[in-house]
Amino acid sequence: MLKIKNLHASVAGQQILKGINLEIKAGEVHAIMGPNGSGKSTLASVLAGREEYEVTEGEVEFLGKNILDLSPEDRAREGLFLAFQYPVEIPGVSSNNFLRTALNQIRQYKGLEPMDAVHFLKRMKEKMSLVEIDQKLINRSLNEGFSGGEKKRNEIFQMAMLEPKLAILDETDSGLDIDALRIVANGVNKLKSKDNATIVVTHYQRLLDYIVPDFVHVLYKGRIVKSGDKSLAMELEDKGYDWIKVDVDGVVS
Amino acid sequence: MSKDNQILEELTSSEYKYGFETLIENDSAPKGINEDIIRFISAKKEEPEWMLELRLKAYRHWITLEEPTWPNVHYPKINFQDIIYYSAPKPRKELQSLDEVDPELLETFKKLGISLEEQKRLSGVAVDAVIDSVSVKTTFKKTLGELGIIFCSFSEAVREHPDLIKKYLGSVVPMTDNYYATLNSAVFTDGSFCYIPKGVRCPMELSTYFRINASGTGQFERTLIVADEGSYVSYLEGCTAPQRDENQLHAAVVEIYTETNAEVKYSTVQNWYPGSKEGKGGIYNFVTKRGLCKGNNSKISWTQVETGSAITWKYPSCILKGDNSVGEFYSVAVTNNYQQADTGSKMIHLGKNTNSTIISKGISAGKSQNSYRGLVKIHKRAENARNFSQCDSLLMGDKCGAHTFPYIEIDNSSAKVEHEATTSKIGEDQIFYCNQRGIDTENAVALIVNGYAKEVLNKLPMEFAVEAQKLLALTLEGSVG
């Protein structure tokens, strides 16, 4: 589904990603872990097509297409979804209006008719109960005055509504208490299928107790320095990141 | 054919040609302004002597005035002798089908979601008999007539309802009020008059749309709305369609007068030609709009969506004279490219327990300048007056400007006056967030801007609101990214 080859990227002239290689197949869950500043969020932003990030080398193929040439909205329409670390507030715009615009632009891209109000509201109801989100939250302006937890839950709700092929969760666990974490993780698990894939970007192992990854990759200084299964995450939880730093820095220098 | 006949034919046709031209010349005044021109206008309108006297009085006062320079707008000095002050409405070329209409205009109609029949009406295509605007007008006039509501062109009102005009004209905006209002009083060519009798609630939105002679109203429009005791009317001004009027100067006056327990809601969508992207041309829109809450418990509410004109200069205001009277001002003003707007409201509290609200949402894009200018004045006898003002500015890009000039004058210590102001920028973060959900930048800007202006748009009548929303998006098209 996603093939990243030798990806280099910089922001404001500073090289952050220095050769990422990663392949993700349908049905898989990959966790990307690493210490602060290792490039985790940069990777997420580059995949989504954020303008400030410049790809200097490498390729990214998504569902057989080179997505580096696509605009952010076309990447989204192809089925790539980013759950933001800091979801943005849009005053005066309801979730309803926002999602309807998004959904219909995606449908238009695929050559489908816009979804009528009846079907749209039906889907809203269905997905709201799936990810356990309150109608009251949906009625309010998008993310405006939401608590950290509410914002993250709303991200998962949007993901449910848009049914992406590949979801990238960027530090979705940050700022969540244990109950919110469980609800968010439950939502993600329910949306999982053999046809879609998930990348979980996180600093801590605790989210991976709830969203169990098939693969764990450790990102450090812009490269994936270690890959493994869930046990790698456990090891990191026990030992921290220092042993990896020593490992890599030892080799590099 | 004999040679004589041929010559004869040439002669007659050329004579006809000249005759025709003379006819046209008779229908518009020569350039410039003087007492003769004003007499000419008055005669053209077949006005009674008293109306002419009023006009002349206004003119004689106007020539003693200086053009105001305090607004935060910049433009070359206007040559008032270079303007034609009277021109009869040009007969529009009747088109047979929409195929003959400028495709660009049709594209804009489509984006605004204007119905096909409406498109035909606006672009001057003959409309078939069933929905003929005449029959619409007839049924409309009948309903209003049964209720005693008067709704007609200003010229007609001067002839048919002189007592009402004499009583109310200039009662809210005195002839000597300001430079442009005085000019308007001297040379106004037409406009609307509306009178709602005691206790009548007007059952429909009154709109210039339905008015006879709606098309071709001059650049000096005069509107007078009088709501008698306990009556109510909602009045819509303007058209959201992109009619390109090339007149440079528009100096309209709108007066609203409410008696005890009466309420007037006045909504405007202004979309005059804003000038080219390079800032050439465009309308100077210098308008005086004021309402007088004369009676106790009366209410006047202004809602405006301003997206057009090269320069906008207007302050719809309320004089709250009656006790417990209420004044409201809801505004969205958008400027793009080189547009300049200096707009806001004045709330003058004279009566006890008077209450006013100002919600102003400015949006600046391109290289435009957008100023809010407002005055809240609490008179010393206005016990327990209350005002709430909120002035927000939204900036798009870094070459535009937003300015706020709030004036507050309080002479009564029981007053409660609140002022809130915010300035924000459409963030790249917001746009990227929308992009990431599959929404392109154009639609993202439309969503964000409409969200920002929602409080005001919600005050517009339903059909108007939908078009205004689309208009906002259209005005800002291409201003980001």
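Note that the structure is a prediction, hence the values are computed from the model and not measured.

Reading the values: rules and limits
- The residue numbers shown here count from 1 along each chain, following its written sequence.
- Lettering for chains starts from A, numbering for ligands starts from 1, and both go in the order in which the items are written.
- Only residues with pLDDT of at least 70 get local features here, since the model is predicted, and only at 80 or more are side-chain atom pairs given and counted; chain-wide, interface and lining totals rely on the full set of residues.
- Note: side-chain values were computed over all heavy atoms of the structure, leaving out hydrogens and water.
- Using only the protein atoms, space was sampled on a 1 Å grid; points where a 1.4 Å probe fits but cannot get out form cavities, open sets with protein on both sides within 12 Å along at least five of seven lines form pockets, and lining residues are those with an atom within 4 Å of a point.
- Grid points are joined across faces, edges and corners, and a volume is the space filled by probe spheres set on the points.
- Residue polarity is assigned by list, with Asp, Glu, Lys and Arg as charged and Ala, Val, Leu, Ile, Met, Phe, Trp, Tyr, Cys and Pro as nonpolar; anything else, Gly included, falls into the polar class.
- Note: pLDDT gives the predictor's confidence per residue, expressed from 0 to 100.
- Residue contacts follow a heavy-atom distance rule, with two residues in contact if any of their heavy atoms lie within 4.5 Å.
- At least two DSSP bridges between two strands are needed for those strands to be called paired.
- Per the convention used, a helix needs a DSSP run of H or I reaching at least four residues, while a strand needs a run of E reaching at least two, with both numbered from the N terminus.
- Note on definitions: buried area is the accessible-area loss of two parts on being combined, 1.4 Å probe, summed for both.
- Should a side-chain nitrogen of Lys or Arg be within 4 Å of a carboxyl oxygen of Asp or Glu, the pair is scored as a salt bridge.
- Any N or O atom pair separated by 3.5 Å or less is treated as a polar contact, with the protein-specific requirement of one donor-capable and one acceptor-capable atom, and with residues adjacent in sequence counted only for side-chain atom pairs.

## Remarks on the layout of surface pockets
Roughly 1,000 Å³ of volume is contained in the second largest pocket. A breakdown of the residues in the lining of the second largest pocket according to their chemical character gives nine nonpolar, 12 polar and six charged.

## A closer look at the confidence of the model for chain B
Residues and elements named next belong to chain B. For chain B, per-residue confidence averages 81 on the pLDDT scale, and residues scoring 70 or more make up 78% of the total. Confidence over residues 8-26 falls short of pLDDT 50; this stretch has three contacts with residues more than four positions distant or in other chains. Within the model, the stretch residues 209-218 combines pLDDT values under 50 with 21 contacts to residues more than four positions away or in other chains. Interface scoring of the predicted complex returns ipTM 0.95; its pTM is 0.80.

## Section: the sheet that holds strand β13 (residues 326-335) of chain B
Consider a sheet: its strands pair through backbone hydrogen bonds, and that pairing is either parallel or antiparallel. Residues and elements named next belong to chain B. With respect to topology, eight strands assemble into an open sheet ordered β3-β5-β8-β10-β13-β16-β18-β20, the strand pairing being parallel. Because the sheet does not close on itself, it has two edges, and the strands there are β3 (206-207) and β20 (416-425). One ladder, built from 10 bridges, connects strand β16 (residues 355-364) with strand β18 (residues 386-395); its direction is parallel. Across the sheet, residue Ser360 finds its bridge partner in β18, namely Cys391.

## Quick notes on the pairing of strand β2 (residues 14-24) of chain A
Residues and elements named next belong to chain A. Summarising the sheet, strand β1 (residues 2-11) and β2 pair through eight bridges and their orientation is antiparallel. In the strand pairing of β2, Ser10 is matched with Gln15. The turn joining β1 and β2, which pair antiparallel and follow one another in sequence, is formed by two residues; a positive phi near 50° is taken by Ala12.

## Quick notes on the interface of chain B and chain A
Taken together, the contacts link 18 residues of chain B with 29 residues of chain A. When residues of chain B are sorted by the area they lose upon contact with chain A, Phe432, Tyr433 and Arg437 of chain B head the list and together hold 37% of the total. At the surface where chain B touches chain A, the tally comes to three salt bridges. Residue Arg77 of chain A is joined to Asp440 of chain B by a salt bridge in which the shortest nitrogen-to-oxygen separation is 3.8 Å. On inspection of chain B and its partner chain A, the count reaches 13 residue pairs in polar contact (both at pLDDT 80 or more). At the level of secondary structure, the elements contributing two or more residues to the side of chain B that touches chain A comprise α10 (428-436) and α11 (441-452) of chain B. Broken down by element, the side of chain B that touches chain A gets its largest block of residues, seven residues, from α10 of chain B. Its residues assigned to classes, the side of chain B that touches chain A comprises seven nonpolar, seven polar and four charged.

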